[in-house]
Amino acid sequence: GLAGGLIGGVAGGISAVSDGRDFWHGGRVERHILADAHLDFVQQQGEWNCGPACGESASRGELTQQQIREILGGNSNENGISDRNLWSEWGKMTGRAHCQYTSDVSNIASQMNQGADFAVTLNPNSAYPHEVLLNRITLKTITMPSGKIIYKYSYYAMDPNRGQYVKISMSDRIFKLFPKL
């Protein structure tokens, strides 16, 4: 009856996991890191200093968020900074070109592996936009017992406000920060 079905289902799930497959559907699961920027985590100093903190991390120690904020002005506890102004000034300060990225996100991993960084403005049209810096892209490939293959991309960013690396959606405004020449 029901107990036999439960025991059989759990035993089958355990067997699948020990064989490298998913517990619930039995598909073979493979995980790959497509890109990893190895960004230093930078905690923002001030309620509205996420952009300058991202700029500090992307500069790889060349600039501090205080230097960026000083150039852009305002109070880090009272004023946000426009993402477009932030990356424009950051580019002048670092000598690195930048552009708003409008291409397919599937190309981002290869560009990260060539030294580009990607800033993502979460909720860009809201009263509270938030800047994060893309750190890692992973791909999970699931091959179902039927042969169907499912691809799931995950994007992880350095979030200077939350104090950790977080999984994000790539549907918001993106800026490409070119490698230094």
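Criteria and cut-off values
- Residues numbered from 1 in each chain as written.
- Predicted model: local features only at pLDDT ≥ 70, side-chain atom pairs only at ≥ 80, totals over all residues.
- Heavy atoms only, no water.
- Salt bridge = Lys/Arg side-chain N within 4 Å of Asp/Glu carboxyl O.
- Helix = DSSP H or I, 4+ residues; strand = E, 2+ residues; numbered from the N terminus.
- Buried < 20%, exposed > 50% of the residue type's maximum accessible area, 1.4 Å probe, protein only.
- Core = buried A, V, L, I, M, F, W, Y, C linked by side-chain atoms within 4.5 Å.
- Contact = heavy atoms within 4.5 Å.
- Pairing = 2+ DSSP bridges.
- Phe/Tyr/Trp six-rings, centres within 6.5 Å; stacked < 30°, edge-to-face > 60°.

Asks: Lay out the pattern of salt bridges in plain terms, naming residues and giving numbers.
Replies: One pass over the full model with this rule turns up 6 salt bridges. For Glu62, the salt bridge identified is with Lys180, shortest N-O distance 3.2 Å. Highlighted residues: Glu62 in the loop between helix H2 (50-58) and helix H3 (65-72) and Lys180 in the segment after strand S7 (173-177), separated in sequence by 118 residues. A residue is classified by how much of its surface remains accessible, and Glu62, at 38% relative accessible area, is partly exposed. With relative accessibility at 48%, the residue Lys180 sits in the partly exposed group. Between Asp83 and Arg173 there is a salt bridge; the shortest N-O distance is 2.8 Å. Here the residue Asp83 occupies a position in helix H4 (residues 83-94), and Arg173 occupies one in strand S7, the gap between them amounting to 90 residues. Classification of Asp83 by relative accessible area gives buried; the value is 7%. One network of salt bridges, in which partners are shared, links Arg60, Arg96 and Asp117.

Asks: Describe in detail the nonpolar core, supporting the description with residues and values.
Replies: Counting residues in hydrophobic clusters, the biggest one holds 32 residues, and the most contacted among them are Ile108, Leu134 and Ile168. Beyond its immediate chain neighbours, meaning those up to four positions away, Leu134 contacts Ala37, Leu39, Ile108, Met112, Phe118, Tyr155, Tyr156, Ala157, Ile168 and Met170.

Asks: Can you explain unusual backbone geometry? Please cite residues and give values.
Replies: Even without glycine at this site, Arg60 takes up a positive phi of about 55 degrees. Mapped onto the secondary structure, Arg60 falls in the loop between H2 and H3. Even without being a glycine, Asn123 presents a positive backbone phi close to 50 degrees. Its location among the elements puts Asn123 in the loop between strand S3 (117-122) and strand S4 (130-143).

Asks: Any chance you could break down the environment of Ser88 for me, citing the residues and the numbers?
Replies: Here Ser88 is to be found in helix H4. Taking the relative accessible area as the measure of exposure, Ser88 reaches 26% and is therefore partly exposed.

Asks: So what about the pairing of strand S5 (residues 149-159)? Which residues, and what values?
Replies: Both S4 and S5 contribute to a ladder of 10 bridges, which runs antiparallel. Within S5, the residue paired with Thr141 across the bridge is Tyr151. The sheet contact formed by S5 and strand S6 (residues 164-168) spans 5 bridges and is antiparallel. What sits directly across from Met158, in S6, is Tyr165. What sits between S5 and S6 in their antiparallel hairpin is a turn of 4 residues, with Gly163 showing a positive phi close to 80 degrees.

Asks: Can you break down the packing of aromatic side chains residue by residue, with the values?
Replies: What describes a pair of aromatic rings is the distance from one ring centre to the other and the angle between the planes of the rings. This model, assessed by the stated rule, comprises 4 aromatic pairs. With centroids separated by 6.1 Å and ring planes inclined at 70 degrees, the aromatic side chains of Phe41 and Tyr165 adopt a geometry described as edge-to-face. Taken as a pair, Phe41 in the loop between strand S1 (28-36) and H2 and Tyr165 in strand S6 lie far apart in primary sequence, 124 residues in all. In this structure Phe41 comes out as partly exposed when scored by relative accessible area, which is 33%. On the accessibility criterion, Tyr165 (38% relative accessible area) is partly exposed. For the pair Tyr101 and Phe118, a centre-to-centre distance of 5.2 Å together with 80 degrees between the ring planes defines the contact as edge-to-face. One end of the pair, Tyr101, is in strand S2 (residues 98-101); the other, Phe118, is in strand S3, with 17 residues separating them in the sequence.

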